[in-house]
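# A look at the structure
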Amino acid sequence: MTDKQVNIAIVGLGFGAEFIPIYQRHPNANMYAISQRTESQLHKIGDQFGIENRYTSYEQMLEDPEIDAVHINTPIQLHAKHSLMALRAGKHVSCTVPMATTIEECEEIVDTVKLTGLKYTMAETVVYSREFLFVKELYEKGELGEIQYLQASHPQDMEGWPEYWERMKPMHYATHVVSPVLGLMNKPAEYVSCFGSGKISEELAEKSGCSFAVQSAHIKLKGSDVSAHIYRSLFDTARQYRESFDAYGSKKSYEWPLIEGEKPVIHTAKKPEPEIAERVEVPDYGHRLPEEIQAFTQAGVYDAEDSAHLSFIQGGGHGGSHPHLAHEFVSAIIEDRDPYPNAVQSANWTCVGLLAHESSMSGGEIKKLPEFTLG
């Protein structure tokens, strides 16, 4: 373990506050600065966590030469803008999902990372959740055998969230289902086809420009004979919140529980029929982290009832992913390597959803993914 320190700044202190104590306790991070437009909220969080450097202006914060890296948790429509501003100011970037809302913005971020040599990662929670890490471990050990099919779902009721969610198209926020089906085999998407189904209220449809209640897509994995199915819904579809991920292998398969709180199921081939399916306990993966932040896979800022954030409540704590995300970001900077996911992977995952929406608006037309490269 090196003693090198990375000065971290966080912009956006709603869900972003979840990462403050993680960076404060990480042995190689210095939780240096925070930024929030609302001054009262800025000082409330700053006082709560004892952070001296506070900025109501993001532009002003980026001028601070002491800041090495920025963790961005601003509204979705600002992700690309804020990421590009930070990269051009010479700061490494970790940005919450999605990377951007247009193909062109994704391309611009990849090009800027290539030009600057800085680190960029999209802080995708699912690929650091204990459930995904469990399935990934089974796959890498060969216990699943050959992967035959992958699927993931993310139904969610966004009523009561900030108003800009009413303007969101379901597949424009699809990385929570795209990332596990592409991340397990570490294959990018080659092309996608998507259908829309049902309809939301006229008021919501007018705001978002998309009347579909559900969008479901098939993704062809590049360099593989495997395809994956994903679906998303945001409004007017009755379903408990779920960020599910299923992997079907030749030897074993993993299925997410239907109801939150139940245990997932492993199916083992060639057993007597009644014995094929068994519920399993998913282990925690805190042991992979520095001791100082291991506890954050089990609890965080938003466990407290009086400060509960909707994304944390509905997301079941995001599978203990937050300290893994922070550790990967800091480690990549210190070790001078690409974080996972890097800019190219983040762009591919994000563009699957963007192109899936385009496909659904043209009757399921196949859409090829752009060729992103850092080379």
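What counts as what
Residues numbered from 1 in each chain as written. Predicted model: local features only at pLDDT ≥ 70, side-chain atom pairs only at ≥ 80, totals over all residues. Heavy atoms only, no water. Helix = DSSP H or I, 4+ residues; strand = E, 2+ residues; numbered from the N terminus. Rg over C-alpha atoms; globule rule 2.2 N^0.38 Å. Buried < 20%, exposed > 50% of the residue type's maximum accessible area, 1.4 Å probe, protein only. Contact = heavy atoms within 4.5 Å. Areas by Shrake-Rupley, 256 points an atom, 1.4 Å probe, with all protein chains shown as cover. Lys, Arg positive; Asp, Glu negative; His and termini not counted. Charge placed at Lys NZ, Arg CZ, Asp CG, Glu CD. Pairing = 2+ DSSP bridges. Axes fitted to C-alpha atoms, helices over the stretch in contact; angles between N-to-C directions. Phe/Tyr/Trp six-rings, centres within 6.5 Å; stacked < 30°, edge-to-face > 60°. Parallel < 35°, antiparallel > 145°, perpendicular 65-115°, else oblique. Left-handed = near helix turned anticlockwise from the far one by under 90°. Nonpolar A, V, L, I, M, F, W, Y, C, P; charged D, E, K, R; others polar.

## Some details on the overall build of the protein chain
A count of helices and strands for the protein chain gives 11 helices and 15 strands. Taking 375 residues into account, the globule formula puts the C-alpha radius of gyration at 21 Å, and the protein chain, at 20 Å, falls close to it. In terms of overall dimensions, the protein chain has C-alpha extents of about 60 × 45 × 45 Å along its principal axes. Taken over 375 residues, the protein chain has a buried fraction of 58%. When contacts within the protein chain are restricted to residue pairs at least 6 apart in sequence, long-range pairs at least 24 apart make up 68% of them. Total accessible area on the protein chain is roughly 16100 Å²; 48% of this is exposed by carbon and sulfur atoms. Counting 33 positive and 53 negative side-chain charges, the protein chain places the averaged centre of each group 4 Å from the other.

## Here's the deal with the sheet that holds strand β11 (residues 244-249)
Spatially, the nine strands line up as an open sheet ordered β14-β13-β12-β11-β7-β10-β9-β8-β15, and their pairing is mixed. Of all strands in the sheet, those with a lone pairing partner are β14 (277-279) and β15 (367-368), marking the two edges. Direction of pairing for strand β9 (residues 214-221) relative to strand β10 (residues 227-233): antiparallel, over a ladder of seven bridges. By the bridge assignment, Ala217 is partnered in β10 with Ile230. Helix-sheet contacts for helix α7 (residues 175-183) involve β7 (147-155), β8 (189-197), β9, β10 and β11, and the interaxial angle to β7 is about 165°. In this fold helix α11 (residues 343-360) packs onto β8, β9 and β15, with an angle of close to 45° to the strand it touches most, β8.

## Some details on the packing of aromatic side chains
Across all of its chains, the model carries eight aromatic pairs by this definition. Seen from their ring centres, Trp165 and Tyr173 are 4.9 Å apart, and the 80° between their planes marks the pair as edge-to-face. Across the pair, Tyr173 and Trp165 agree in class, each one buried.

## Focus on the side chain of Thr96
Within the element layout of this structure, Thr96 appears in the loop between β5 (92-95) and α5 (103-116). Overall, Thr96 belongs to the buried group, its relative accessible area being 15%. Here Thr96 is in contact with Phe15, Ile72, Asn73, Thr74, His79, Met122 and Ala123, once residues within four sequence places are set aside.

## Examining the pairing of β9
Side chains on a regular strand alternate between the two faces of the sheet. The pairing of β8 with β9 spans eight bridges and is antiparallel. Within β9, the residue paired with Ser197 across the bridge is Val214. Joining the antiparallel neighbours β9 and β10 is a turn of five residues, in which Gly223 adopts a positive phi near 70°.

## Examining helix α6 (residues 130-140)
Here α6 lies mainly inside the structure; eight of its 11 residues are buried. Within α6 the residues assigned to the buried category are Arg130, Glu131, Phe132, Leu133, Phe134, Val135, Lys136 and Leu138. Residues of α6 that are buried in the fold lie against α7, β11, β12 (252-255), β13 (265-268) and α10 (322-335). One or two residues past the end of α6 sits Gly142, with phi positive at roughly 85°.

## Points about the packing of helix α4 (residues 79-88) against α5
At a minimum axis separation of 10 Å, α4 and α5 run at an interaxial angle of 10°. Judged by the angle between their axes, α4 and α5 are roughly parallel. Of the two elements, α4 crosses α5, and the hand of that crossing is left-handed. Residue-level contacts link Ala80, Ser83, Leu84, Leu87 and Arg88 of α4 to Glu105, Glu108, Ile109, Thr112, Val113 and Thr116 of α5. Split by residue class, the contact of α4 with α5 holds five nonpolar, three polar and three charged.

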